[in-house]
Amino acid sequence: MRYRQLGKWGMKVSEIALGAWVTYGDTVHDKEVIAEIVKIAYEGGVNFFDNADIYARGKAEEIMGEILADYPRHTLVLSSKTYWPMSKDVNDHGLSRKHIRESITKSLRRFDTDYLDLYFAHRYDQNVPMEEIVTSFSGLVDEGKILYWGTSEWPASRLAEANTFAIANGLHPPVVEQPQYSMLYRDRVEKRILREAERFEMGVVVWSPLAMGMLTGKYDQGLPEGSRFSDDEEMRGYFFSEANQAKVRALKAVADDMGLTRAQLSLAWVLRHTQMSCAITGATKPSQIDESLGAAGVDLPEDVLDRIDEILG
Ligand SMILES: NC(=O)c1ccc[n+]([C@@H]2O[C@H](COP(=O)([O-])OP(=O)(O)OC[C@H]3O[C@@H](n4cnc5c(N)ncnc54)[C@H](OP(=O)(O)O)[C@@H]3O)[C@@H](O)[C@H]2O)c1
């Protein structure tokens, strides 16, 4: 496993991270299976485990907290996020100081830990002034409830605004952005986010680097039973199409020539940017995380990147 910094900041995260979205406490309930996936990840060098209050409505944090309690706390980078509604209450969503502070209290309780290493604003909230958002997250750092804070899917202009405000006022700026990025979803990150992250020396940790499984090749012949796209119509709509199937089939020859699987090729491709801190992948089975770990430390040569670009168009 290789480790990378979050931009200029000191904490190091594993190139491959494991996330809990739509899996733990949601499609995967068997704690023994989840514990096995976590064990393989941890023993393979993964230190970053990504979560959010909204994942399985708090259950994902509870399950991961219980399992990760078996590992030394200082060897873990635990994250969570706040923004999405946790109930119908008028204040139980968004980035108001009230919701941020109440959310961190509940997340720490669910994880049964004293602090989170990373805490994300899960989206930008246009109804709250930047002053309130930045002072609220920065205050949690000062109190030791979180070590760093970050953003997820924020417009590039708001990343700049948050950094500028924090720096001007002696507050803790966001250290990392978490956008979606993969071979099948690349424009926003490449055109805007990487540039802004570089400007403010932030890290970038990306979600759905396998395009939710599409890039693994598992959908080459259709929808296999028990897969994310066979079980969830909304998810299928993101990436399952004949055009994407054709691209992913064509990627097989490139992966074969590199001695990689398509999942490994896809993760190594995401990690080719120096600004990229890690790829947060998901796994419903131990064999999946085992395969993903094979992407750590792989550098793709220029001619391979050119072949991939030709296929992606
Ligand atoms: N910030 C945000 O707004 C946001 C949004 C979404 C996700 N995230 C984070 O990003 C993490 C990863 O997202 P993701 O799960 O969509 O990532 P992904 O790595 O693109 O997809 C993971 C899914 O692909 C399938 N898969 C993985 N490896 C495979 C293999 N070797 N062979 C066959 N299938 C394989 C599995 O689904 P099946 O077995 O079910 O088919 C697995 O759950 C989340 O857990 C979360 O932490 C953040």
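Residues numbered from 1 in each chain as written. Predicted model: local features only at pLDDT ≥ 70, side-chain atom pairs only at ≥ 80, totals over all residues. Heavy atoms only, no water.

Novice: Is there a simple way to think about the overall build of the protein in this case?
Specialist: When you go through the protein residue by residue, the secondary structure sums to twelve helices and ten strands. Scaling as 2.2 N^0.38, a compact globule of 313 residues should have a C-alpha radius of gyration of about 20 Å, and the protein matches this with 19 Å. Expressed as lengths along the three principal axes of its C-alpha atoms, the size of the protein is roughly 50 × 40 × 35 Å. The buried share of the protein, reckoned over its 313 residues, is 56%. Sequence-distant contacts in the protein: of pairs separated by 6 or more residues, those separated by 24 or more amount to 77%. Roughly 13,500 Å² of accessible area belongs to the protein as shown, and the carbon and sulfur atoms make up 47% of that amount. Across the protein, the mean location of the 36 positive side-chain charges is 3 Å away from that of the 48 negative side-chain charges. (Helix = DSSP H or I, 4+ residues; strand = E, 2+ residues; numbered from the N terminus. Rg over C-alpha atoms; globule rule 2.2 N^0.38 Å. Buried < 20%, exposed > 50% of the residue type's maximum accessible area, 1.4 Å probe, protein only. Contact = heavy atoms within 4.5 Å. Areas by Shrake-Rupley, 256 points an atom, 1.4 Å probe, with all protein chains shown as cover. Lys, Arg positive; Asp, Glu negative; His and termini not counted. Charge placed at Lys NZ, Arg CZ, Asp CG, Glu CD.)

Novice: Which parts of the structure should I look at to understand the nonpolar core?
Specialist: Among soluble globular proteins, nonpolar side chains are generally buried collectively. If you look at the biggest cluster of nonpolar residues, it comprises 95 residues, and the most contacted ones within it are Phe49, Trp154, Leu265, Leu300 and Ile308. Other than its neighbours up to four places away in sequence, leucine 265 contacts Met183, Leu251, Val254, Ala255, Leu260, Leu300, Val304 and Ile308. With 14 residues, the next largest nonpolar core counts Leu6, Val13, Val77 and Ile280 among its residues. (Core = buried A, V, L, I, M, F, W, Y, C linked by side-chain atoms within 4.5 Å.)

Novice: In this structure, what is going on with the site of the ligand? I would like to understand it.
Specialist: Neighbouring the ligand are 30 residues; Asp50, Ser208, Lys218, Arg228 and Thr281 lie closest to it. Here an oxygen atom of the ligand sits 3.5 Å away from a polar atom, N or O, in the main chain of proline 209. A distance of 2.9 Å is found between an oxygen atom of the ligand and a backbone nitrogen or oxygen belonging to methionine 212. For the ligand, the accessible surface in isolation is 920 Å², of which the surrounding protein chains cover 95%. Of all elements in the fold, only strand S10 (276-281) and helix H11 (286-293) reach the threshold of two or more residues within the shell around the ligand. Within the shell around the ligand, the residues separate by chemical class into eleven nonpolar, 13 polar and six charged. (Near = heavy atom within 4 Å. Polar contact = N/O pair within 3.5 Å; in protein donor to acceptor, adjacent residues only side chain to side chain. Nonpolar A, V, L, I, M, F, W, Y, C, P; charged D, E, K, R; others polar.)

Novice: Looking at this structure, how should I read the packing of aromatic side chains?
Specialist: By the definition in use, this model includes ten aromatic pairs. Ring geometry for tyrosine 42 and tyrosine 71: centres 4.3 Å apart, planes at 45°, overall tilted. Placement of tyrosine 42 in helix H1 (residues 31-43) and of tyrosine 71 in the loop between helix H2 (59-68) and strand S5 (77-82) is noted, with a sequence separation of 29 residues between them. Residue classification places tyrosine 71 among the buried positions, given a relative accessible area of 16%. Aromatic pair tyrosine 181 and tryptophan 269: ring centres 5.3 Å apart, planes at 20°, arrangement stacked. In this pair, tyrosine 181 sits in the loop between strand S8 (176-178) and helix H6 (187-199) while tryptophan 269 sits in helix H10 (residues 262-270), placing the two residues 88 residues apart along the sequence. Comparing tyrosine 181 with tryptophan 269, the two get one shared label, buried. Taken together, the ring pairs in this structure connect Tyr119, Tyr124, Phe137, Trp149 and Trp154 into an aromatic cluster. The ring centre of tyrosine 115 lies 4.0 Å from the NZ or CZ of arginine 73, which sits over that ring. Above the face of the tryptophan 269 ring, arginine 272 is positioned so that its terminal group lies 3.8 Å from the ring centre. (Phe/Tyr/Trp six-rings, centres within 6.5 Å; stacked < 30°, edge-to-face > 60°. Lys NZ or Arg CZ within 6 Å of the ring centre and 35° of its normal.)

Novice: How should I be thinking about H1 in this particular structure?
Specialist: Because each turn of an α-helix spans 3.6 residues, side chains separated by three or four positions end up pointing in the same direction. With 13 residues, H1 extends 18 Å from end C-alpha to end C-alpha; this agrees with the ideal 18 Å at 1.5 Å per step. Burial in H1 covers these residues: Ile34, Ile37, Val38, Ile40 and Ala41. The buried residues of H1 occupy an angular sector of 160° when the element is viewed end-on, so they sit on one face. Projecting away from the buried face of H1 at angles above 90 degrees are the exposed residues Glu32 and Glu43. Contacts from the buried residues of H1 go to strand S3 (16-19), strand S4 (48-50), H2 and H11. Where H1 starts, the residue carrying a side-chain oxygen 2.9 Å from the main-chain nitrogen of glutamate 32 turns out to be aspartate 30. Positive phi appears at glycine 45, one or two residues downstream of H1, with a value of about 105°. (Expected span 1.5 Å × (residues − 1). Arc of directions from axis to C-beta.)

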